[in-house]
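Given next are the chains, with one letter for each unit.
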Amino acid sequence: FRRILALRATSDVKGDVDATIGLAFTLSDLDSARTAMDVLAGCRRRTAGRLPPALAPQLDFAEGVARFTAGQLEASGTTFARAAARAASAGDNRFCWQALTWLGVTQARLGRRDSAVAALQRGAAQWERLRFRHRDPEWRERHGAQARLLYATLLPLLLDGRGDETPAGVRRAFEALQRFKARTLRERMAGTEGGETRPPVALETLQREVLREGELLLETFAAPETVLVFAVRRDTVRVARLPGTRHGLLTRLRAWHRLLSTPPDPRDALARESAAAVAAALGRDLLGPVADLLTPGGRLIVAPDGELNRVAFGALVPRKGGDPLGVTH
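These numbers were taken from a predicted model, which means no experiment stands behind them.

> Is there a simple way to think about the nonpolar core in this case?
For soluble globular proteins, nonpolar side chains are generally found buried alongside one another. Among the nonpolar cores identified, the biggest contains 31 residues, and Tyr 151, Leu 155, Phe 221 and Phe 230 are the most heavily contacted of them. Among the elements of the structure, helix 7 (113-133), helix 8 (137-158), helix 9 (167-190), helix 10 (203-210), strand 1 (215-222) and strand 2 (226-232) are those that each provide at least two residues to this core. Of all the elements, helix 8 adds the most residues to this core, at seven residues. Look past the residues within four positions of Tyr 151 in its chain and what remains in contact with it is Ala 124, Trp 127, Glu 128, Pro 156, Ala 176, Arg 179, Phe 180 and Phe 221.

What follows is the structure, given as structure tokens:
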């Protein structure tokens, strides 16, 4: 990046900005956020009076990330807000929704729930409109991680409480999650977004018209900090918050996947007991908070997410001393 800067800084404003931003992001990733801010300030000085309006929000966004990484939350929030406003004025929804996402993350870190929700909901609306226009699957995959960050921050804020969630908060979070997951699912089924504009099913409609008696839907969302499990029956909805994938769950899921891929020798009693213990421990951790809703003999519908696709839910044992779900359901 430094070599590119040396080649382009004298004549090519866009090349200068692109290389500067690339270098700034790299420095931020390497715990050199203050150096990244110095690099960005140098670019602003070099391009003063020549910077096109469309490039200004990109520099602001990179500066916001550097300040966030350096722990300057107040300053990063101000910078992200400026980036979003400039991107909106330039008609650049791509940087606008990303700046709004990080503005929401920053406000959440500062404990400003209402401001965070407002920014994230604006960002989510822009992301949905942008995805509808972009049919390139590679573009959607590249921006998927940013969208997951957006919803990983927004959903817990919509739930209102900690553990004892309000019905309104659960409904808001569930329906926001459907806008994220249903759109992605339709795209993967159809290959392109096409002309599909139908909204995802609402919670009330799901309970009244879709689910049948004895059926339980487990809708999940897996993020680094929090795993959410929504348990929905015709007459009940509950959400459980579990430690996220970065808190040991990811390692356990991958080990579980390897264990199922190479099952123990049936003659090895110790290996069989170990596999059963893993299934029981993982089952209690993932489904323990909703185990009382798992009516024996009922039908279980699971919508896994992310790393939870590694889970063979039928092999899990949600209750101590119980049978695997594949036996009871």
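> What's the story with the packing of helix 5 (residues 73-89) against helix 6 (residues 93-109) in this structure? I'm lost.
Between two packed helices, both the angle of their axes relative to each other and the distance between the axes serve to describe the pair. Orientation of helix 5 relative to helix 6, taken along the N-to-C sense of each, is 155°, at an axis distance of 8 Å. In terms of axis orientation, helix 5 runs roughly antiparallel to helix 6. Judged by the sense of rotation from one axis to the other, the crossing of helix 5 with helix 6 is left-handed. In this structure, helix 5 contributes Leu 73, Ser 76, Gly 77, Phe 80, Ala 81, Ala 83, Ala 84, Ala 87 and Ala 88 to the contact, and helix 6 contributes Phe 95, Cys 96, Ala 99, Leu 100, Trp 102, Leu 103, Thr 106, Gln 107 and Arg 109. For the contact of helix 5 with helix 6, a count of residues per class yields 13 nonpolar, four polar and one charged.

> Explain empty space enclosed by the protein here, please?
As enumerated under the stated definition, the model contains one cavity of 30 Å³ or more in all. Computed from the structure, the largest cavity encloses a volume of approximately 30 Å³. As for the largest cavity, its lining consists of Thr 220, Val 229, Leu 286, Leu 287, Leu 308 and Phe 313. When grouped by side-chain class, the residues that make up the lining of the largest cavity number five nonpolar, one polar and no charged.

> Is there a simple way to explain helix 10 in this structure?
Note: α-helices contain 3.6 residues per turn, so residues at a spacing of three or four share the same orientation. Along helix 10, the positions that sit buried rather than exposed are Leu 203, Leu 206 and Gln 207. The buried residues of helix 10 occupy one face: seen down the axis, they fall within an arc of 90°. In helix 10, the exposed positions angled more than 90 degrees off the buried face are occupied by Glu 204 and Glu 209.

> What is the right way to look at the sheet that holds strand 3 (residues 237-243) in this model?
In any sheet, the strands associate via hydrogen bonds between backbone groups, in a parallel or an antiparallel arrangement. On the basis of which strands lie adjacent, the open sheet formed by four strands has the order 3-2-1-4 and mixed pairing. Edge positions in the open sheet fall to strand 3 and strand 4 (299-303), since each of these has one partner strand only. Pairs of neighbouring strands in the sheet enclose a mean axial angle of 20°, with direction left out of account. Bridge analysis of strand 2 against strand 3 gives seven bridges, and the strand direction is antiparallel. Bridge pairing in strand 3 places Val 227 opposite Leu 242. Together, strand 1, strand 2 and strand 3 form the strand contacts of helix 11 (residues 245-261), whose direction differs from that of strand 3 by roughly 90°.

> Just to check I follow, could you spell out the packing of helix 11 against helix 12 (residues 269-287) for this structure?
Closest axis-to-axis distance for the helix 11/helix 12 pair is 11 Å, and the angle between their directions is 140°. Here helix 11 is positioned oblique relative to helix 12, judged by the angle of their axes. You can see that helix 11 and helix 12 cross each other, and the crossing is left-handed. Here Leu 249, Arg 252, Leu 253, Trp 256 and Leu 259 of helix 11 lie close against helix 12, whose contacting residues are Ala 275, Val 278, Ala 279, Ala 281, Leu 282, Asp 285 and Leu 286. Across the contact of helix 11 with helix 12, the residue classes break down as 10 nonpolar, no polar and two charged.

> Explain the pattern of salt bridges to me, please; I cannot follow it from the model alone.
Summed over the entire model, instances satisfying the criterion amount to 23 salt bridges. Between Asp 60 and Arg 86 there is a salt bridge; the shortest N-O distance is 2.8 Å. Taken together, the residues span a long stretch of sequence, with Asp 60 in helix 4 (residues 56-69) and Arg 86 in helix 5 at a distance of 26 residues. Its relative accessible area of 0% is what places Asp 60 among the buried residues. The salt bridge involving Glu 63 is made with Arg 82; its shortest N-O contact spans 3.7 Å. With Glu 63 in helix 4 and Arg 82 in helix 5, the pair connects residues that are 19 residues apart, well separated along the chain. Salt bridges sharing common partners tie together Arg 44, Asp 60, Glu 63, Arg 67, Arg 82 and Arg 86.

Reading the values: rules and limits
- Residues numbered from 1 in each chain as written.
- Predicted model: local features only at pLDDT ≥ 70, side-chain atom pairs only at ≥ 80, totals over all residues.
- Heavy atoms only, no water.
- Core = buried A, V, L, I, M, F, W, Y, C linked by side-chain atoms within 4.5 Å.
- Buried < 20%, exposed > 50% of the residue type's maximum accessible area, 1.4 Å probe, protein only.
- Helix = DSSP H or I, 4+ residues; strand = E, 2+ residues; numbered from the N terminus.
- Contact = heavy atoms within 4.5 Å.
- Axes fitted to C-alpha atoms, helices over the stretch in contact; angles between N-to-C directions.
- Parallel < 35°, antiparallel > 145°, perpendicular 65-115°, else oblique.
- Left-handed = near helix turned anticlockwise from the far one by under 90°.
- Nonpolar A, V, L, I, M, F, W, Y, C, P; charged D, E, K, R; others polar.
- 1 Å grid on protein atoms, 1.4 Å probe; cavity = no way out; pocket = protein on both sides within 12 Å on 5 of 7 lines; lining within 4 Å.
- Points joined across faces, edges and corners; volume = space filled by probe spheres on them.
- Arc of directions from axis to C-beta.
- Pairing = 2+ DSSP bridges.
- Salt bridge = Lys/Arg side-chain N within 4 Å of Asp/Glu carboxyl O.

Interpretation note: all reported values are geometric properties and have no functional meaning in isolation.
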